[in-house]
Amino acid sequence: MSVVSKKMQTNVEQGSMIRQMFELGIQLKKQYGVDAVMDFSLGNPDLPPPPVVQKAMLDLAGELNKPASLGYMPNGGFTWALEALAEELSKEQGLVLTKDDVMLSCGAAGAINAFFHSVLDPQDEVLAIAPFFGEYRFYTENHQGIFKTVLANVETFLPDFVTLEKAITEKTRVLIINSPNNPTGVVYPEEVIKKIITLLEIASKKFGRPIYLVSDEPYRYLSYDNVTVPSVLAHYKYAVVVSSFSKKFGIAGERIGYLILSPEIEDKKLLMNACIMSNRILGFVNPPVVGQYLMKAALGTSTQYALDIYAKRREIFCNILRNAGLSFQKPMGAFYIFPKAPHGDDKSFIKCLQEEKILGVSGQGFGLAGYIRLCYAVEEKVIEKSREGFKRAVEKANNLS
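In this text the structure is predicted, and so the values were computed from the model without any measurement. (Residues numbered from 1 in each chain as written. Predicted model: local features only at pLDDT ≥ 70, side-chain atom pairs only at ≥ 80, totals over all residues. Heavy atoms only, no water.)

Novice: I would appreciate a short explanation of the pairing of strand β6 (residues 212-216) in the present structure.
Specialist: For a regular strand, the rule is simple: side chains alternate between the two faces of the sheet. Of all five residues in β6, five are buried, a share of seventy percent or more. Burial of the side chains of β6 extends over both faces: Tyr 212, Val 214 and Asp 216 are buried on one face and Leu 213 and Ser 215 on the other. In the classification by handedness, the crossover that spans strand β5 (residues 172-178), the intervening helix α7 (residues 190-207) and the parallel β6 is right-handed. The sheet contact formed by β6 and strand β7 (residues 239-244) spans four bridges and is parallel. Looking at the pairing, Leu 213 lines up with Ala 239 of β7. (Buried < 20%, exposed > 50% of the residue type's maximum accessible area, 1.4 Å probe, protein only. Helix = DSSP H or I, 4+ residues; strand = E, 2+ residues; numbered from the N terminus. Right-handed = clockwise from strand over helix to strand, strands pointing away. Pairing = 2+ DSSP bridges.)

Rendered as structure tokens:
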């Protein structure tokens, strides 16, 4: 007799890979020492918050003697926080946004769940392009949706438009994209965004209801070589943006994210009210209080220092992988690399890496077996230390074939 639902049993099994990676990392670090293990498995930003965030935390501490200083607020966030956020996002997205177009949430994950709860009917489909952030599947199933995937062009990791067009049906309610992408680091150029939108416009008209384009953008700030991340809001009537400040300001654990609805959506006020109510119904109640203060203080702060650090780490990591004989696409954004495993056997290669005390994540969890994800949100010296270990792991993997 099971103590959890059948669906939850499946989710636990699917999520066990990440849990096992956590546990393996802890085990290896205990066995060999923290400095001996090169952990590239977790997308946890290692840079400290910028000084403005540190100052805001100290300033807030001085305000805590006021009544209800850490109390409830409207479910979508403080009005002053929404106004400040809308002003900043108007500059970023290239169109005029007001506080009525945005909602604060418990991370980008909270925003996605609130939106899915608001628009999905049972058996509606959420479409994603593989490889994708694995938890999209869980977010969809939370709301009785069907998660459906389309394989990207593995030479570029950009959408394969022939298969994408075939995958869109009368049940498709949402297409979710992630650019810069986790796990590949690819950035969708404007011509790709426009082509996606053309498909969705035709399908929305054909099937008589809007197909929303949800753009998940926590790495928007982190694109290299002057690559531009285009705005979906500027091009599509049914565009939705979700994001967070977890990576941008190094406050992932504070769980402060947001949702933007296109001002052009029909009945936008009704949809926003539904999302705000979902924030409450799903148990989030409201976005974190402290996070809103930190966010407001940090809005507009340059993140060039972080971009410079990650860009340097990217170059070192690419050099190491190239010298080891691995095939990969150089990331255009985010802080991940997604190399192909020798002979397409990611499971064996992960084990070979572990023997060298190097931790990565199988591509299976991102919907594309045969690859591994490596995160370079780690210190430069750790990346450099892995150089010989990668060479030995590749040699071992080749000898297994």
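Having put the structure on the table, let's press on.
Novice: Before we go on, may I ask you to explain the sheet that holds β6 in this structure?
Specialist: The pairing of strands in a sheet happens through backbone hydrogen bonds and is either parallel or antiparallel. Sheet architecture is open: seven strands sit in the order β2-β8-β7-β6-β5-β3-β4, paired in mixed fashion. Every interior strand has two partners, whereas the edge strands, β2 (102-105) and β4 (146-151), have only one. In this sheet, adjacent strand axes meet at a mean angle of 25° when their direction is disregarded. Its contacts with the sheet put helix α3 (residues 79-93) on β2, β7 and β8 (257-261), and the angle it makes with β2 is roughly 115°. (Axes fitted to C-alpha atoms, helices over the stretch in contact; angles between N-to-C directions. Contact = heavy atoms within 4.5 Å.)

Novice: Could you clarify how one ought to interpret the state of the cysteines in this entry?
Specialist: Joining two cysteines, a disulfide is a covalent bond between their sulfur atoms. Inspection of every chain in the model, using the stated rule, returns zero disulfides. Free cysteine Cys 106: the closest other cysteine sulfur is in Cys 275, separated by 14 Å. What makes Cys 106 buried here is its relative accessible area of 18%. For Cys 275, a relative accessible area of 0% translates into the label buried. (Disulfide = S-S within 2.5 Å.)

Novice: Help me understand the side chain of Asn 181, please; the structure alone is not making it clear to me.
Specialist: Take Asn 181: it is sitting in the loop between β5 and α7. Within the structure, the side chain of Asn 181 is placed 2.8 Å from the side chain of Thr 184, a separation counted as a polar contact. Aside from chain neighbours lying at most four places away, what touches Asn 181 is Pro 131, Val 186, Ala 334 and Tyr 336. (Polar contact = N/O pair within 3.5 Å; in protein donor to acceptor, adjacent residues only side chain to side chain.)

Novice: Would you mind going over the sheet that holds strand β9 (residues 336-337) with me for this structure?
Specialist: One open sheet holds the three strands; their spatial order is β9-β12-β11, and the pairing between them is antiparallel. Whereas interior strands pair on both sides, the edge strands pair on one side only; in this sheet they are β9 and β11 (361-362). Direction of pairing for β9 relative to strand β12 (residues 372-375): antiparallel, over a ladder of two bridges. In the strand pairing of β12, Tyr 336 is matched with Cys 375.

These figures capture arrangement, not role.
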